[in-house]
Structures are given as structure tokens and as C-alpha cells.
Amino acid sequence: MNTLLSELIDILNREIELHKELLSCIQQDRCLLVDLRVDDIFENIKKKETLSVKIKMLEESRVSLVEQLSPHYGISQQPPTLSDLASAAEEPHRSALNNSRSTLLALLNSIQEINQGNSLIVKDSLFYCNRSLDFLNHSFSANPTYLNSGRIKDAARFGSLLKREI
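Remember, predicted model here, so these are calculated numbers, not experimental data.

Here is what the cut-offs are and how they apply
Residues numbered from 1 in each chain as written. Predicted model: local features only at pLDDT ≥ 70, side-chain atom pairs only at ≥ 80, totals over all residues. Heavy atoms only, no water. Axes fitted to C-alpha atoms, helices over the stretch in contact; angles between N-to-C directions. Helix = DSSP H or I, 4+ residues; strand = E, 2+ residues; numbered from the N terminus. Parallel < 35°, antiparallel > 145°, perpendicular 65-115°, else oblique. Left-handed = near helix turned anticlockwise from the far one by under 90°. Nonpolar A, V, L, I, M, F, W, Y, C, P; charged D, E, K, R; others polar. Core = buried A, V, L, I, M, F, W, Y, C linked by side-chain atoms within 4.5 Å. Buried < 20%, exposed > 50% of the residue type's maximum accessible area, 1.4 Å probe, protein only. Contact = heavy atoms within 4.5 Å. Salt bridge = Lys/Arg side-chain N within 4 Å of Asp/Glu carboxyl O. 1 Å grid on protein atoms, 1.4 Å probe; cavity = no way out; pocket = protein on both sides within 12 Å on 5 of 7 lines; lining within 4 Å. Points joined across faces, edges and corners; volume = space filled by probe spheres on them. Patch = residues over 30% accessible without salt bridge, like charges linked within 9 Å, V, L, I, M, F, W, Y side chains within 5 Å. Areas by Shrake-Rupley, 256 points an atom, 1.4 Å probe, with all protein chains shown as cover. Expected span 1.5 Å × (residues − 1).

1. A short note on the packing of helix α1 (residues 2–35) against helix α2 (residues 38–69)
Part 1 of the reasoning: Relative to each other, α1 and α2 sit at 160 degrees, their axes nearing to 9 Å. As judged from the angle between their axes, α1 and α2 are roughly antiparallel. With respect to the hand of their crossing, α1 and α2 are arranged in left-handed fashion.
Part 2 of the reasoning: Taken together, the residues of the contact of α1 with α2 break down into 18 nonpolar, five polar and 11 charged.

2. What to know about the nonpolar core
Part 1 of the reasoning: Core analysis: the biggest nonpolar cluster contains 27 residues, and L5, L8, L12, L22, L82, L85 and L97 have the highest contact counts within it.
Part 2 of the reasoning: Broken down by secondary-structure element, the contributors of at least two residues to this core are α1, α2, α3 (82–88) and α4 (93–139).
Part 3 of the reasoning: In terms of residues, this core owes the most to one element, α1, which gives 11 residues.
Part 4 of the reasoning: Once residues lying within four places of it in the same chain are set aside, the contact partners of L12 are R62, L82, L97, S100 and L104.

3. A word on the pattern of salt bridges
Part 1 of the reasoning: Taken as a whole, this structure holds eight salt bridges when the rule is applied.
Part 2 of the reasoning: Measuring nitrogen to oxygen at the nearest pair gives 4.0 Å for the salt bridge that ties D10 to R14. Pair noted here: D10 and R14 are both in helix α1, with a separation of four residues, about one helical turn.
Part 3 of the reasoning: Taking relative accessible area as the criterion, D10 reaches 39% and is therefore assigned partly exposed.
Part 4 of the reasoning: A relative accessible area of 41% means that R14 is categorised as partly exposed.
Part 5 of the reasoning: Between E17 and K20 there is a salt bridge; the shortest N-O distance is 3.7 Å.

4. Things to note about the side chain of S100
Part 1 of the reasoning: Residue placement: S100 occurs in helix α4.
Part 2 of the reasoning: Beyond its immediate stretch of four places on either side in the chain, S100 contacts L12, N13 and I16.

5. A short note on the layout of surface pockets
Part 1 of the reasoning: When its volume is computed, the largest pocket comes out at roughly 290 Å³.
Part 2 of the reasoning: Taken together, 17 residues make up the lining of the largest pocket; nearest its centre are E59, R62, V63, L82 and L104.
Part 3 of the reasoning: Those elements giving two or more residues to the lining of the largest pocket turn out to be α1, α2, α3 and α4.
Part 4 of the reasoning: Per-element accounting of the lining of the largest pocket gives the leading share, six residues, to α2.
Part 5 of the reasoning: For the lining of the largest pocket, the residue count by class is nine nonpolar, three polar and five charged.

6. So, a nonpolar patch on the surface
Part 1 of the reasoning: A contiguous nonpolar surface patch, about 260 Å² in accessible area, is contributed by V38, F42 and I45.
Part 2 of the reasoning: Its place among the elements puts V38 in helix α2.

7. Quick word on α1
Part 1 of the reasoning: For α1, spanning 34 residues, the distance from its first C-alpha to its last is 50 Å, which sits close to the expected 50 Å at 1.5 Å a residue.
Part 2 of the reasoning: Looking one or two residues past α1, L36 carries a phi angle of roughly 55 degrees, positive in sign.

8. A closer look at the side chain of R62
Part 1 of the reasoning: With respect to the helices, strands and loops of the structure, R62 is situated in helix α2.
Part 2 of the reasoning: For R62, the contacting residues outside a window of four places in its chain are L8, I11, L12 and E15.

9. Observations regarding unusual backbone geometry
Part 1 of the reasoning: Here the residue pair E91 and P92 is connected by a cis peptide bond, since its omega of 0 degrees sits within 30 degrees of zero.
Part 2 of the reasoning: Look at L36: it is not a glycine, yet its phi comes out positive at around 55 degrees.
Part 3 of the reasoning: In this fold, L36 is placed in the loop between α1 and α2.
Part 4 of the reasoning: Since its relative accessible area comes to 65%, L36 is described here as exposed.

Coordinates in, geometry out; function isn't part of it.
Pasting the structure below:
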């Protein structure tokens, strides 16, 4: 059992390191988005995808180990949680599992929080791009036509830069 617990703690520590790298990439995203460094953004996306695959592999290993260990500690909850296992384990594994769990949770919360901020930056940028395109389309469309109701008919948007008069 101690060998499996030690292996689980090792996997958790590697997961923590990968999540720290992911957090760093996400923090870097904010600067890249603000500076509009498109090539660097795509490079950062590749890094995050690679880290995500590595994290997923470690997570699968972690879940498997927790499932293997749970019957030995009398954990019947399905799926078994790391918190349940930490409560049932003896020292020094209990402390190591609790510390790893709390560190991992803090990293996940930070990642989620920064991702929400980055999402707002992207949404605002997209909104302003769409507004700019609407402005340009209205600027270069045909003269408005009035309907019987007196309202302006929505002109077709051509986006042409050519003058229509000769």
C-alpha cells in the first residue's frame, strides 16, 4: 500500500508542476492578447494543448490508483475521491495527499479565474471588430431607401470602396 500511495503522491506532484506551467501559459496569454501578437498566441496554444494532454494522462493514472487504493481503505463512495483517500491514509501520506490536493485545487481555481479574464478580453475584442465592420459596411453601402412606413430600408452591404457616381 505504501508503494501505491508514494506513487500517487509522485503523480500528484507531477500534475502540480504541469498545472503551474499551464498557469504560466495562461498568464502569458493575457499579454499576448493585449499586444495582438498572433503568432505567439498560436505558439502558446500549442504549448497549452501539449500540457493538457500530459495532464490528462497523469489524471487517468491518478484516478486508477485512487480506485485501486480505495477498497483497501474501506472507501465505498463511487467514484472515490482524493479527499476520502487522504482521510483514510496514515501519516505521512495523509499530510502529503492533503497538501497536494489543496495545492492542485488552488492552481485550478487560479487557472479558471485567469481564463475568465482572458475570455472577456477576447469577447470585447470581437465585439469591437464587429462594430468596426458594421461601421465600414454602413459607410460604403448604397444610399438609404425609405419604406411606406417612413422607416429606412436596411441597405444591402457591399463594402465597395468605389464611388457610385460618374
